[in-house]
Amino acid sequence: SIRYGSTSVTHYDFTVPRQAKVRFLVEEARLRQRPISLRVCWQQRTGHNCCSCEKCLRTIFAILAEGGDPRSFGFDTTSGALVAAVTRPDFRPGVFWGDVFDRMHGSPFETHPAVQALLSRRQEAA
């Protein structure tokens, strides 16, 4: 729990993995037929997602792995920009990417060019 001023925050579903939470959000957006805007970026101070930092990329690919469209969740990016981001020499998908990689196989977006580029990076690291 976090408190500041008269506000308190409780971390909900601490035991639920991040990918399961993303799956829930993708399903909710589909059921409600409405976009759900997510703000995950710590790099951007404008209130928008930068779509190129590790956390933005991990969230974008987590959404793709669940069959969702990242644009429906506040990520203004293109396939070409995603391919460029995951093929940068400094990009290293780390330990937090395991669930994303596991869900990619069999995803409707498995043949997406950015997903293919990401999966090839995983094979390089292996």
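Before reading on, note that the structure itself is shown above.
Now for a quick tour of the structure. (Residues numbered from 1 in each chain as written. Predicted model: local features only at pLDDT ≥ 70, side-chain atom pairs only at ≥ 80, totals over all residues. Heavy atoms only, no water.)

Some remarks on the packing of aromatic side chains
Alright, step 1. In the structure shown here, the tally under the stated rule is three aromatic pairs.
Alright, step 2. Residues Phe91 and Trp97 carry aromatic rings whose centres are separated by 5.6 Å and whose planes lie at 85 degrees to one another, so their mutual orientation is edge-to-face.
Alright, step 3. Overall, the relative accessible area of 3% leaves Phe91 in the buried class.
Alright, step 4. Trp97 sits in the buried class, given a relative accessible area of 0%.
Alright, step 5. Considering the side-chain rings of Trp97 and Phe101, the 6.1 Å spacing of their centres and the 40 degrees angle between planes classify their relative orientation as tilted.
Alright, step 6. Aromatic ring contacts, followed pair by pair, group Phe61, Phe91, Trp97 and Phe101 into a single cluster. (Phe/Tyr/Trp six-rings, centres within 6.5 Å; stacked < 30°, edge-to-face > 60°. Buried < 20%, exposed > 50% of the residue type's maximum accessible area, 1.4 Å probe, protein only.)

Topic: helix α1 (residues 18-32)
Alright, step 1. Relative to the 21 Å expected for 15 residues at 1.5 Å per residue, α1 spans 21 Å between its end C-alpha atoms, a close match to the ideal helical length.
Alright, step 2. Within the span of α1, buried status applies to Gln19, Val22, Val26, Glu28 and Ala29.
Alright, step 3. Contacts made by the buried residues of α1 are with α2 (54-65) and α4 (98-104).
Alright, step 4. One or two positions beyond α1, positive phi appears at Gln33, with a value near 55 degrees. (Helix = DSSP H or I, 4+ residues; strand = E, 2+ residues; numbered from the N terminus. Expected span 1.5 Å × (residues − 1). Contact = heavy atoms within 4.5 Å.)

Side note on the side chain of Ser107
Alright, step 1. Looking at the secondary structure, you find Ser107 in the loop between α4 and α5 (113-125).
Alright, step 2. Under the relative-accessibility criterion, Ser107 is labelled buried at 8%.
Alright, step 3. A polar side-chain atom of Ser107 sits 2.9 Å from the main-chain carbonyl oxygen of Leu64.
Alright, step 4. A polar contact of 3.0 Å, which involves the side chain of Ser107, links it to the backbone nitrogen of Phe109.
Alright, step 5. Setting aside its immediate chain neighbours within four residues, Ser107 contacts Leu64, Ala65 and Gly67. (Polar contact = N/O pair within 3.5 Å; in protein donor to acceptor, adjacent residues only side chain to side chain.)

A few points about unusual backbone geometry
Alright, step 1. At Gln33, a residue that is not glycine, the phi angle is positive and equals roughly 55 degrees.
Alright, step 2. Inspection of the secondary structure assignment puts Gln33 in the loop between α1 and α2.

Some remarks on the nonpolar core
Alright, step 1. Residues Phe61, Phe75, Trp97, Met104 and Leu118 are the most contacted members of the largest nonpolar core, which totals 31 residues.
Alright, step 2. When residues of this core are assigned to their parent elements, the largest contribution, eight residues, is made by α2.
Alright, step 3. Apart from the residues lying within four places of it in its own chain, the contact partners of Met104 are Phe61, Ala65, Glu110, Val115, Leu118 and Leu119. (Core = buried A, V, L, I, M, F, W, Y, C linked by side-chain atoms within 4.5 Å.)

Observations regarding the pattern of salt bridges
Pairing between side chains becomes possible if they bear opposite charge and their charged atoms approach one another.
Alright, step 1. The tally for this structure, following the rule as stated, stands at six salt bridges.
Alright, step 2. Among the ionic pairs, Arg23 bridges to Glu66, the shortest N-O distance being 3.2 Å. Placement of the pair is Arg23 in helix α1 and Glu66 in the loop between α2 and α3 (79-86), with a sequence separation of 43 residues.
Alright, step 3. The exposure class assigned to Glu66 is buried, which follows from its relative accessible area of 10%.
Alright, step 4. Among the ionic pairs, Glu54 bridges to Arg58, the shortest N-O distance being 2.8 Å. Of this pair, Glu54 and Arg58 both sit in helix α2, separated by four residues, roughly a single helical turn.
Alright, step 5. Residues participating in the shared-partner salt-bridge network are Arg23, Glu66 and Arg103. (Salt bridge = Lys/Arg side-chain N within 4 Å of Asp/Glu carboxyl O.)

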